[in-house]
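Given next are the chains, with one letter for each unit.
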Amino acid sequence: VHMYFRTVTDLAPEITRFNAWGLIDDLGSMHHILRPETIESVFVLWRTTKAQIYRNWGQRLLSAFARMKSSYGFTSLNNVNKPSSQRNEMPSFFVA
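Let me begin by describing the structure that accompanies this report. (Residues numbered from 1 in each chain as written. Predicted model: local features only at pLDDT ≥ 70, side-chain atom pairs only at ≥ 80, totals over all residues. Heavy atoms only, no water.)

For the rest of this paragraph, the subject is the pattern of salt bridges. Taken as a whole, this structure holds six salt bridges when the rule is applied. Here R35 makes a salt bridge to E14, at a shortest N to O gap of 2.8 Å. Here E14 lies in the loop between helix 1 (2-5) and strand 1 (16-19) and R35 lies in the loop between strand 2 (22-25) and helix 2 (37-49), a separation of 21 residues in the sequence. For E14, a relative accessible area of 27% corresponds to the partly exposed category. (Salt bridge = Lys/Arg side-chain N within 4 Å of Asp/Glu carboxyl O. Helix = DSSP H or I, 4+ residues; strand = E, 2+ residues; numbered from the N terminus. Buried < 20%, exposed > 50% of the residue type's maximum accessible area, 1.4 Å probe, protein only.)

Dropping the structure here:
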């Protein structure tokens, strides 16, 4: 979740690399295409452990996704650090 919470939108870029100094963003892949897997994982962690931290993280992630609501659905982003850089697309797996 730290890949999410360090951006302006609280959404993770599509590609983040790891090295000895921490997380490094791939500047050519700062887009976000509404992948729901992290929210699902945090939900399973909460159900398994009942640890409040996972509910808090889940709420923060859901709020970030809710901010991507558009007139006809949800929108992907061209850059997770620029909330106004919305794409005119919503992958079908987002609502599957």
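There is more to say after this.
This paragraph deals with the packing of aromatic side chains. Per the counting criterion, the structure on display carries four aromatic pairs. One aromatic cluster is present, formed by F65, F74 and F94 through successive ring pairs. Here K50 stacks its cationic end above the ring of W46, 4.6 Å away from the centre of that ring. Over the ring of F74 we find K69, and its NZ or CZ is 5.4 Å from the ring centre. (Phe/Tyr/Trp six-rings, centres within 6.5 Å; stacked < 30°, edge-to-face > 60°. Lys NZ or Arg CZ within 6 Å of the ring centre and 35° of its normal.)

So, about the packing of helix 2 against helix 3 (residues 52-66). Between helix 2 and helix 3, the shortest axis-to-axis distance is 9 Å and the interhelical angle comes to 155°. Of the possible angle classes, the one that applies to helix 2 and helix 3 is roughly antiparallel. Here helix 2 runs over helix 3; the crossing is left-handed. Judged by residue contacts, T38, I39, V42, L45, W46 and T49 of helix 2 engage Y54, R55, W57, G58, L61, L62 and F65 from helix 3. Looking at the contact of helix 2 with helix 3 residue by residue, the class counts come to nine nonpolar, three polar and one charged. (Axes fitted to C-alpha atoms, helices over the stretch in contact; angles between N-to-C directions. Parallel < 35°, antiparallel > 145°, perpendicular 65-115°, else oblique. Left-handed = near helix turned anticlockwise from the far one by under 90°. Contact = heavy atoms within 4.5 Å. Nonpolar A, V, L, I, M, F, W, Y, C, P; charged D, E, K, R; others polar.)

Our next topic: the nonpolar core. Formed by 16 residues in total, the largest nonpolar core has its most connected members in Y4, L11, L34, L61, F65 and M68. Of all the secondary structure elements, the ones that give two or more residues to this core are helix 1, helix 2 and helix 3. A total of four residues in this core trace back to one element, the largest contributor, which is helix 3. If we skip the residues at most four places from it in the chain, M68 touches L11, L34, G73, F74, T75 and L77. (Core = buried A, V, L, I, M, F, W, Y, C linked by side-chain atoms within 4.5 Å.)

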